[in-house]
Amino acid sequence: MALKPGDSVLLAKGSVFNEQFDIKYSGSASAPIKIGSYGTGAAPVIHSGGDGIHSLYASNIVIENLKITNSGGSAISGGSVSNWAVRHVEVDKAGLSGETGAMNFRNSKNITIESSKISDAKGDGIWIDKVEGLKLLNNTVTNSHGAKADAVQVNDSSNILIQGNHLDQTQADSPKGVLVLIRPVNAVVEDNTLSGGGFGISAQAGKNVAIRDNDISGFHGYNWSFAVGLGDDGNARDYDIAGNHIHDGAWGVVITAPADASSYTRTNIKVHDNVFDDLSQSALKVDRPASGSFSNNTIESGTNATSISPSIVDAHTFTVSNNHTVANVETALASPVVTTAAVTEESADPAVVAVHDNLKILTDTGDAHRGNLLENDSSDNGTLVLRRFGNESVGKDGLTLTGDYGVIHVDRDGNYAYTLDETKLPDHDHDGHVSETFSYGIDDGNSYHSDGDTLTVYLHMDSLLS
């Protein structure tokens, strides 16, 4: 069919289509061509021996509410296309065994992939090459398989936003990593959860790259595995690596290059306000000439802070300052601001006074979840899921926690009640107080946020003993 701007091609829900869908015509900016679904039931399935959807040179296309499975080629493949939006598309067991994977776009402009799910890809989950204007928003990519497979790889592209995605290579049959950025220009990678893989984010040569507020874990396939690595394959300039929680792996942030890449430069690399814990190596490694700073980071005891080559230390080009080592990261994530909590009548006891920090959230990935947990935090399904306390859930109206020494109840107004278990009273060497540390997560079905707090209970021992 000769499609025109504003046309829609809708596939019947519950149906299976066994051919490649070729898009040969373009919409307009105000009237894109839409490929979608109609009716009731499960999303229509495209099952093709070739690509699921294939296009060259088409512009202003929207693809939505489809499922593409077991394709012989890529699920969606676009070359020299522009102004495409792919949303709410599910892809399962699709892709090529090479690098192009399940969804790929090359030599294109203004590509958005959002709220889509890609699982068990053959090759990369998403493969991008030479795209100007890329948005990857709130997608889930799970277990991309193959010798060259990453969850997402972006090559030689610019104006990039990778935000709110869950990229999981924990069970992947691949020696590679989770997210690869090769020579990016003007890239923001924020609020993503990355797990597994031989490495987390390989942001090699690039310019103006921000990597912030991500949770990166499980990258321990090799003794060199890193959460964030840069400095390889060309010059790296103006990197801001901030607010990330980096844990359960080998190295944290690594600035390095092969021995034969001495001509590359690495300038203005700022690593700050991150949290590092459960690492077998150092939070920061710098073994090639670089300029920048490592400051205001929180590092759990047991993890080395830095591994910097002596020649770089002597050159005074990479500064290290104001970093903090803590015994417990969850405690450190709580706000340092302490206020006196109101005590309910039921819990009024002159021997027990609780202080807290109003559950201020330091690590956050959405405006809807800022501030006091019980004042304005919410989730779409109304449930907050505790991390430390197993399957115990927190409703919107208050929470009850079981700690080491008693039970804490917090009502909607933020009032604390603390019931002490006398059988668990500490000895006098606790300096008259005990501390309960807990953490919680917000899971709204689309994204996950994790935060922590500490409640310190001061015990007037003389009063209790009398």
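This text goes with the structure placed above it.
All figures in this text were calculated on a predicted structure; none of them were measured in a lab.

## A look at the overall build of the protein chain
At step 1: Helix and strand content of the protein chain: 4 helices and 43 strands.
At step 2: By the burial criterion, 52% of the 466 residues in the protein chain qualify as buried.
At step 3: Nonlocal contacts in the protein chain, meaning residues at least 24 apart in sequence, comprise 63% of its contacts between residues at least 6 apart.
At step 4: Summing over all exposed atoms, the protein chain offers an accessible surface of approximately 19900 Å²; the carbon and sulfur share of this is 47%.

## A few points about unusual backbone geometry
At step 1: One non-glycine residue, His88, lies in positive phi territory at about 55°.
At step 2: On the basis of relative accessible area, His88 is assigned to the partly exposed category, the value being 46%.
At step 3: In this structure, Asp156 is a non-glycine residue whose phi angle is positive, near 45°.

## Comments concerning empty space enclosed by the protein
At step 1: For the structure on display, the rule yields 3 cavities of 30 Å³ or more.
At step 2: The computed volume of the second largest cavity comes to approximately 40 Å³.
At step 3: The wall of the second largest cavity is formed by Ile126, Leu136, Asn139, Val141, Val152, Ile162, Asn165, Leu167 and Leu179.
At step 4: Partitioning the lining of the second largest cavity into residue classes produces 7 nonpolar, 2 polar and no charged.

## What about the pairing of strand S23 (residues 226–230)?
Look at any regular strand and the pattern is simple: side chains alternate between the two faces of the sheet.
At step 1: In terms of burial, S23 is largely enclosed, as 5 of its 5 residues are buried.
At step 2: Relative to S23, strand S20 (residues 201–203) runs parallel, the two being bridged by 2 bridges. Each bridged residue has a counterpart across the sheet, and for Ser202 the counterpart in S23 is Gly229.
At step 3: Here S23 pairs with strand S26 (residues 251–255) via 4 bridges, running parallel.

## Here we look at the side chain of Ser108
At step 1: Tracing the backbone through its elements, the reader meets Ser108 in strand S10 (residues 103–114).
At step 2: If near-sequence neighbours (up to four positions away) are discounted, Ser108 is found in contact with Gly78, Gly79, Ser80, Val81, Lys130, Val131 and Glu132.

## Observations regarding the pairing of S26
At step 1: Across the 5 residues that make up S26, a large majority, 5, are buried.
At step 2: Bridging between S26 and strand S29 (residues 282–286) involves 3 bridges; their strand directions are parallel. Looking at S29, one finds that Val254 is bridged to Lys285.

## Some points on the environment of Asn83
At step 1: Positionally, Asn83 belongs in strand S9 (residues 82–92).
At step 2: Sequence separation between Asn83 and Ser59 is 24 residues, and the spatial gap between their C-alpha atoms is 5.6 Å.
At step 3: If sequence neighbours within four positions are ignored, Asn83 has contacts with Ser59, Asn60, Ile61, Lys109 and Asn110.

## Observations concerning the packing of aromatic side chains
Given two aromatic rings, one states the distance between the centres and the angle between the planes to describe the pair.
At step 1: Enumeration according to the criterion identifies 5 aromatic pairs in this entry.
At step 2: Judged by centre distance (5.3 Å) and plane angle (20°), the rings of Phe199 and Phe226 are stacked. Here the residue Phe199 occupies a position in the loop between strand S19 (193–196) and S20, and Phe226 occupies one in strand S23, the gap between them amounting to 27 residues. Here the two residues Phe199 and Phe226 agree in accessibility, since each one is buried.
At step 3: Geometrically, the ring pair formed by Phe276 and Phe294 is tilted, given 6.0 Å between the ring centres and 45° between the ring planes. Remark: Phe294 occurs in strand S30 (residues 292–295) and Phe276 occurs in strand S28 (residues 275–279); sequence separation between them is 18 residues. Here Phe276 matches Phe294 in class, with each residue buried.
At step 4: Three or more aromatic residues joined by ring pairs form one cluster here, namely Phe199, Tyr222, Trp224 and Phe226.

What counts as what
Residues numbered from 1 in each chain as written. Predicted model: local features only at pLDDT ≥ 70, side-chain atom pairs only at ≥ 80, totals over all residues. Heavy atoms only, no water. Helix = DSSP H or I, 4+ residues; strand = E, 2+ residues; numbered from the N terminus. Buried < 20%, exposed > 50% of the residue type's maximum accessible area, 1.4 Å probe, protein only. Contact = heavy atoms within 4.5 Å. Areas by Shrake-Rupley, 256 points an atom, 1.4 Å probe, with all protein chains shown as cover. 1 Å grid on protein atoms, 1.4 Å probe; cavity = no way out; pocket = protein on both sides within 12 Å on 5 of 7 lines; lining within 4 Å. Points joined across faces, edges and corners; volume = space filled by probe spheres on them. Nonpolar A, V, L, I, M, F, W, Y, C, P; charged D, E, K, R; others polar. Pairing = 2+ DSSP bridges. Phe/Tyr/Trp six-rings, centres within 6.5 Å; stacked < 30°, edge-to-face > 60°.

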